[in-house]
Amino acid sequence: MYLKQFKRHYGPLITLGVPIVIGQLGMILVSLADTMMVGNYGTPELGASGFVNNMMNLAIVFATGYSYGLTPIVGNLFGKGDAPGIGRSLKNSLLTNSLMAMLLMAAMGVLYINIGRLGQPEELIPLIRPYYLILLVSLFFVLIFNAFKQFADGITDTRTPMWILLGGNVFNIIGNWILIYGKLGAPELGLLGAGIATLVSRILMVIVFAAIFFYTDRYRIYREGFAQSGINREDFIRLNRLGLPVGLQMGMETASFNIATIMVGWLGTAALAAHQVMVTVGQLGFMMYYGMAAAIAVRVSVFKGQNDIVSVRRSAGAGFQLILIMATVVSVVIFCFRNHIGGLFTDSAEVASLVSALTIPWVIYQFGDGLQCAYSNALRGIADVKPVMLYAFIAYILISLPSGYFFGFIMDWGITGIWLSFPLGLTSAGLMFYFRFRSKTNRQ
């Protein structure tokens, strides 16, 4: 009887969510390919890429969360059938994302200047610096792509961004193979080659998405609203009011992982390489959960636009149940192959052993990760995003980071101790998001 009330929501959530999940998994495939190719090129390169990617992920995840401010706006307008308003919102989102890109690039530029002060192994600094600069330039294109993607997701067209992401990912992997190892007459650039391939693929994805929007019939009704409207203060403020809290919430979560990366770097190159391998593999679950959670946000925002609060609650519940199924399957697979994962990325027995040990805390935090993904996006769908900043600060900054230092260095449990802080932070965040969502929707 309990599950029957959710039954009608499973199908639409799967229809919306699966293309997003596939697109997210494509991104993970590229990350895996990057890590494997760079790891097989050399362990120092693997450690350097791990450090840079974790630092850049802070900006990318914040940027992704910031762009999510467009989804509930578009979903709400889509529920009301307001196509011109959707086109206008996209135009304003492209402006806000462009401005945010410049701010993020400036902030990450300051971090670049101070890389030598972060206590990383000296032998990695010459590898870190050029790779960092290439990825820094690519940030602008990440934010522009995000604006187009959230527009498409908000109108329930999740297939178009999926195909663009997959195409870009294939190009990236081929570019890696050519430029890292010097194939087909290209110079052997190692880690720098991986960065160049990433930059070019991100530029191409923006060009393709813009061409589809401006030159095909698919988006004609939205293109008219885009062309006839102008930049306006109301949309600009609304996009920032919704996007900044989500960006900060996701940014604080990523910051806890990134500061943990800095702490792992204090343990040496092998620990940093193992951390990068497990973060890359661990993203498999997160990206799947967040793909389905993005579908939750879309469905919830559409029902909110129709003032159907019962369906708002049940869509969120059904989505979390689907995420739990994903979490169970992924956890079983990763745990069963824990002794073989490290060997896919490096021939270092020490790194492989550390990777195997890290699968235990990773499995432990899957429930909390799924819970926080589902209900942070449900809150995004009802445009109740301000409290998530406070909850994220409590969970990721006040709980996760101190416990990571305590377990890793005070208790002397090393990298495994640092990773044991993640279940505490993610689960506490998920519980706070869940109770906030229940409180808000029970009042309406």
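Heads up: the structure comes first, above all this text.
1. Considerations on the environment of Thr 43
Working step 1: Locating Thr 43 in the fold gives a position in helix α2 (residues 43-67).
Working step 2: In the structure, Thr 43 is positioned 303 residues away from Thr 346 in sequence and 7.1 Å away in space, judged by C-alpha atoms.
Working step 3: When neighbours within four sequence positions are excluded, Thr 43 is seen to be in contact with Thr 269, Ala 273 and Thr 346.

2. Description of a positive patch on the surface
Working step 1: Where like charges cluster on the molecular surface, the positive patch consists of Lys 80, Arg 238, Arg 241 and Lys 386.
Working step 2: Mapped onto the elements, Lys 386 comes out in helix α14 (residues 386-410).
Working step 3: According to the relative accessible area criterion, Lys 386 is exposed, its value standing at 55%.

3. Quick word on unusual backbone geometry
Working step 1: For Thr 156, which is not glycine, the phi dihedral falls at a positive 70 degrees.
Working step 2: The topology assignment puts Thr 156 in the loop between α5 (125-154) and α6 (159-181).
Working step 3: The exposure class assigned to Thr 156 is partly exposed, which follows from its relative accessible area of 33%.
Working step 4: Its identity is not glycine, yet Leu 184 carries a phi of approximately 55 degrees, on the positive side.
Working step 5: Locating Leu 184 in the fold gives a position in the loop between α6 and α7 (191-215).
Working step 6: By relative accessible area, which is 70% here, Leu 184 ends up exposed.

4. So, the packing of aromatic side chains
Working step 1: Scanning the model with the defined rule gives 28 aromatic pairs in all.
Working step 2: Taken together, a centroid distance of 5.2 Å and an interplanar angle of 40 degrees make the contact between Phe 286 and Tyr 290 tilted. A residue pair is termed a helical-turn pair when its members lie 3 or 4 positions apart in one helix, as Phe 286 and Tyr 290 do in helix α10 (residues 269-305) at four residues. The two residues Phe 286 and Tyr 290 agree in class, both being buried.
Working step 3: Seen in terms of ring centroids, Tyr 365 and Phe 422 are 6.2 Å apart; in terms of plane orientation they differ by 80 degrees. Their pairing is edge-to-face. Taken as a pair, Tyr 365 in the loop between α12 (349-364) and α13 (366-381) and Phe 422 in helix α16 (residues 421-442) lie far apart in primary sequence, 57 residues in all. There is no split in this pair, since Tyr 365 and Phe 422 are both buried.

5. With respect to the side chain of Arg 299
Working step 1: As for its placement among the helices and strands, Arg 299 is situated in helix α10.
Working step 2: Within the buried set, Arg 299 has no salt-bridge partner at all; the shortest N-O distance to an opposite charge, 8.2 Å, is to Asp 308.
Working step 3: When sequence neighbours within four positions are dropped, the list of residues in contact with Arg 299 reads His 9, Pro 12, Leu 13, Leu 16 and Ser 315.

6. Details of the pattern of salt bridges
Working step 1: Summed over all chains, the structure comprises four salt bridges.
Working step 2: Note that Asp 235 and Arg 88 form a salt bridge whose closest N and O atoms lie 2.5 Å from each other. Here the residue Asp 235 occupies a position in helix α9 (residues 233-265), and Arg 88 occupies one in helix α4 (residues 83-113), the gap between them amounting to 147 residues.
Working step 3: According to the relative accessible area criterion, Asp 235 is buried, its value standing at 6%.
Working step 4: A salt bridge links Lys 149 to Asp 153, with the nearest nitrogen and oxygen atoms 2.8 Å apart. You can see Lys 149 and its partner Asp 153 sitting in helix α5, four residues apart, about one turn around the helix. One exposure class covers both Lys 149 and Asp 153, and it is buried.

7. Topic: the nonpolar core
Working step 1: Of all hydrophobic cores here, the largest spans 135 residues; its most connected members are Phe 151, Tyr 219, Tyr 375 and Trp 419.
Working step 2: A per-element tally of this core places α10 first, with 22 residues.
Working step 3: The contact partners of Phe 151, leaving out residues within four places of it in the chain, are Leu 70, Val 74, Ile 86, Leu 90, Phe 213, Tyr 219 and Tyr 222.

8. A short note on a nonpolar patch on the surface
Working step 1: On the surface, a nonpolar cluster with roughly 640 Å² of combined accessible area is contributed by Trp 266, Tyr 405, Phe 406, Ile 410, Met 411 and Trp 413.
Working step 2: Along the polypeptide, Ile 410 turns up in helix α14.
Working step 3: What makes Ile 410 exposed here is its relative accessible area of 53%.

9. Notes on α6
Working step 1: For α6, with 23 residues, the first-to-last C-alpha span of 33 Å sits near the 33 Å given by 1.5 Å per residue.
Working step 2: Positive backbone phi, at 75 degrees, marks Gly 182, one or two positions downstream of α6.

10. Re the packing of α4 against helix α8 (residues 220-228)
Working step 1: Between α4 and α8, whose axes approach to 7 Å, the crossing angle comes to 60 degrees. Between α4 and α8, the crossing angle belongs to the class labelled oblique. Here α4 and α8 pass one another in a crossing that is right-handed. Contacts from Ala 83, Pro 84, Ile 86, Gly 87, Arg 88, Leu 90, Lys 91 and Leu 94 in α4 reach Ile 221, Tyr 222, Gly 225, Phe 226 and Ala 227 in α8.
Working step 2: Residue classes in the contact of α4 with α8 are distributed as nine nonpolar, two polar and two charged.

Thresholds applied
- Residues numbered from 1 in each chain as written.
- Predicted model: local features only at pLDDT ≥ 70, side-chain atom pairs only at ≥ 80, totals over all residues.
- Heavy atoms only, no water.
- Helix = DSSP H or I, 4+ residues; strand = E, 2+ residues; numbered from the N terminus.
- Contact = heavy atoms within 4.5 Å.
- Patch = residues over 30% accessible without salt bridge, like charges linked within 9 Å, V, L, I, M, F, W, Y side chains within 5 Å.
- Areas by Shrake-Rupley, 256 points an atom, 1.4 Å probe, with all protein chains shown as cover.
- Salt bridge = Lys/Arg side-chain N within 4 Å of Asp/Glu carboxyl O.
- Lys, Arg positive; Asp, Glu negative; His and termini not counted.
- Charge placed at Lys NZ, Arg CZ, Asp CG, Glu CD.
- Buried < 20%, exposed > 50% of the residue type's maximum accessible area, 1.4 Å probe, protein only.
- Phe/Tyr/Trp six-rings, centres within 6.5 Å; stacked < 30°, edge-to-face > 60°.
- Core = buried A, V, L, I, M, F, W, Y, C linked by side-chain atoms within 4.5 Å.
- Expected span 1.5 Å × (residues − 1).
- Axes fitted to C-alpha atoms, helices over the stretch in contact; angles between N-to-C directions.
- Parallel < 35°, antiparallel > 145°, perpendicular 65-115°, else oblique.
- Left-handed = near helix turned anticlockwise from the far one by under 90°.
- Nonpolar A, V, L, I, M, F, W, Y, C, P; charged D, E, K, R; others polar.

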